Amino acid sequence: PLGISAWPGYVAINHVVKNRLASWLGGGLFGFSPYIMAQSLGHLDLILMFYPPLAMVLFDEIAIRQRKDWRLVGLALGLLTAAQLLIFEEIVVGVAIAVSISLVVASLMWRSQLRTHWKYALKSVAISVLVCVLCCGWVLWHQIASPDAPPGLREVASNGLGTDLLAFVTPTSNQLISPAFAQQISIRFAAKTTGADDYLGPFLFILLGVTIGTLWKRYLVRL
């Protein structure tokens, strides 16, 4: 199942970086990341991370490139979103937040393209929403508004999950290299085992800093 996440990661990276080796490395890093490995200990629905990278490709087509038929792109996004909603809804919400922020930043960076791009984007999104509602609207209605729907959002307030800033740089028992002092810190984190999925490590932070510093002129890096 982990390969199901790695392959879409490869596809998404190869969509913007035409380098097979870099795409394979990035896809592997995505599909076997600390997040995926932690969730594989007990949350199988959270290791099927095909939606974020493929949604990124479709939104890039909808908002920026606009080379394909808007009906086909909207249909693909609608079916993809419906599939993810039926697996785990919070992933869709997280992607929606990330896309919304990205679209605001992109619109500020390329104001001149708004006049020529907004119609295609609006029609594609409308088609995707329609397809999504037709595919899984009844399931969402049953969850939220049916007589069997749970009262309120009590679980959100009581499950005690969260994260810690140190979790981004402190390896836990989920990592191959995890010194004893790091584990002593990580055992006090709010999230345990499957929730301890935030580790990025110093290597990725250095790579991120080098990328920003050397490739800042590229619009994708700035975005």
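First things first, this report covers the structure right here in the doc. These numbers come from a predicted model, not from an experiment.

Here we come to the overall build of the chain. Tallying secondary structure elements over the chain gives 11 helices and zero strands in all. Helices and strands appear in the chain in the N-to-C order α-α-α-α-α-α-α-α-α-α-α. Along the longest, intermediate and shortest principal axes, the C-alpha atoms of the chain span 55 × 55 × 30 Å. Long-range pairs, those at least 24 residues apart, make up 68% of the contacts in the chain with a sequence separation of at least 6. Total accessible area on the chain stands at roughly 14,200 Å², and carbon and sulfur atoms take up 71% of it.

Attention now goes to the pattern of salt bridges. Within the structure shown, the criterion is met by three salt bridges. In this structure, Arg65 and Asp60 form a salt bridge, with 2.3 Å as the shortest nitrogen-oxygen distance. Relative accessible area serves as the criterion here: at 26%, Arg65 is assigned to the partly exposed category. Close ionic contact of Arg67 with Glu61 constitutes a salt bridge, the shortest N to O distance being 3.5 Å.

What follows deals with the environment of Phe189. Here Phe189 lies in the loop between helix 9 (180-186) and helix 10 (201-214). A relative accessible area of 6% places Phe189 in the buried class. For Phe189, the residues in contact, after removing those within four places along its chain, are Asp164, Leu166, Ala167 and Thr170.

For Gln66, which is not glycine, the phi torsion reads 50 degrees and is therefore positive. By secondary structure assignment, the location of Gln66 is in the loop between helix 4 (51-65) and helix 5 (70-87). Looking at Gln66, the relative accessible area reads 18%, which means it is buried.

Rules used in this analysis
- Residues numbered from 1 in each chain as written.
- Predicted model: local features only at pLDDT ≥ 70, side-chain atom pairs only at ≥ 80, totals over all residues.
- Heavy atoms only, no water.
- Helix = DSSP H or I, 4+ residues; strand = E, 2+ residues; numbered from the N terminus.
- Contact = heavy atoms within 4.5 Å.
- Areas by Shrake-Rupley, 256 points an atom, 1.4 Å probe, with all protein chains shown as cover.
- Salt bridge = Lys/Arg side-chain N within 4 Å of Asp/Glu carboxyl O.
- Buried < 20%, exposed > 50% of the residue type's maximum accessible area, 1.4 Å probe, protein only.

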